[in-house]
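Read off the chains here:
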Amino acid sequence: MKKNLISILILALLIVNVVLTAITMFSVTGTNKKTAAVVNDIATILKLELTSGQSEEGGSAVPDVSMKDTVPYSIEDVTIMLNQGEDKKDHVVQVSVSLAMNSKDKGYKTYGETMDENVSLIKAEINDVFSAYTLEEARGNEDAIREEILKRIQTMFDSEFVYKVTFSSIVYQ
């Protein structure tokens, strides 16, 4: 008789445990959904992306500009003398640079339509950035060079209407 009583007591405790576990799960799941909704609302308000790996290690993010609003500007065949490396030889780079400009930005209305007048200043900035590198450094740091050129152009114009710099061709010698 004692064994049956203990078995009934164990069965009753098991049923109570299952019921309490179910109640806990439903209450935690509801709270979790509400918390996720609040986090999504805050992220939407702050315009944050919830995907990982989108950061560029402190670099500026490329804004979302449609192709319709993008105006390209090309600077063809700029030849730049690089710093001397360990081989003590003179090396040059010949690069064609393309600037992507946002036609909806207020700076574009001021400077973008007259870029031909400022091409020598832009070439000087490109020259300054590249000439700080040796041949080996320039080959290994093209992304950093693009970022530096972009920052310098944005600083020069005091505007971010130029939002991307690309090299359409680059030849090291």
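With antiparallel pairing, the three strands of this open sheet are ordered in space as E1-E2-E3. Every interior strand has two partners, whereas the edge strands, strand E1 (70-81) and strand E3 (162-172), have only one. Across the sheet, the mean angle separating the axes of adjacent strands is 20° when strand polarity is ignored. Two elements, strand E2 (residues 92-102) and E3, share nine bridges in a ladder whose sense is antiparallel. The partner of Gln94 across the bridge, within E3, is Val171. Against the sheet, helix H3 (residues 119-131) touches E1, E2 and E3, its axis set at about 55° to E1. In the packing of helix H5 (residues 142-157) onto the sheet, contacts are made with E2 and E3, and the angle to E3 comes to roughly 135°.

We now examine the environment of Glu148. Along the polypeptide, Glu148 turns up in helix H5. Taking relative accessible area as the criterion, Glu148 reaches 30% and is therefore assigned partly exposed. Counting along the chain gives 22 residues from Glu148 to Ile126, while the straight-line C-alpha distance between them is 8.9 Å.

Let us look at a nonpolar patch on the surface. Taken together, Leu11, Leu14, Ile15, Val16, Val18, Val19, Leu20 and Ile23 make up a surface patch of nonpolar side chains, about 740 Å² in accessible area. On the secondary structure map, Val18 appears in helix H1 (residues 2-46). Taking relative accessible area as the criterion, Val18 reaches 52% and is therefore assigned exposed.

What counts and what doesn't
The residue count restarts for each chain, going from 1 along the sequence in the order it is written. Local features are withheld for residues below a pLDDT of 70 in this predicted model, meaning they are given only at 70 or higher, and side-chain atom pairs are given and counted only at 80 or more; totals for whole chains, interfaces and linings count all residues. With hydrogens and water excluded, all non-hydrogen atoms of the structure serve as input to the side-chain values. For two strands to be treated as a pair, DSSP must find no fewer than two bridges joining them. Per the convention used, a helix needs a DSSP run of H or I reaching at least four residues, while a strand needs a run of E reaching at least two, with both numbered from the N terminus. For helices, the axis comes from a line fit to the C-alpha atoms of the stretch in contact; other axes are also lines fit to C-alpha atoms, and the angle between any two N-to-C directions lies between 0 and 180 degrees. When checking whether two residues touch, look at their non-hydrogen atoms; a contact exists if any pair is within 4.5 Å. Remark: exposure states derive from per-residue accessible area (1.4 Å probe, protein chains only) relative to the maximum for the residue type, with buried under 20%, exposed over 50%, and partly exposed in between. A patch is a set of surface residues, each over 30% in relative accessible area and not in a salt bridge, joined within 9 Å for like charges and within 5 Å for the nonpolar side chains Val, Leu, Ile, Met, Phe, Trp and Tyr. Here the Shrake-Rupley method, with its probe set to 1.4 Å, supplies the accessible areas, and only the displayed protein chains count as covering residues. The term salt bridge refers to a side-chain nitrogen of Lys or Arg lying within 4 Å of a carboxyl oxygen of Asp or Glu.

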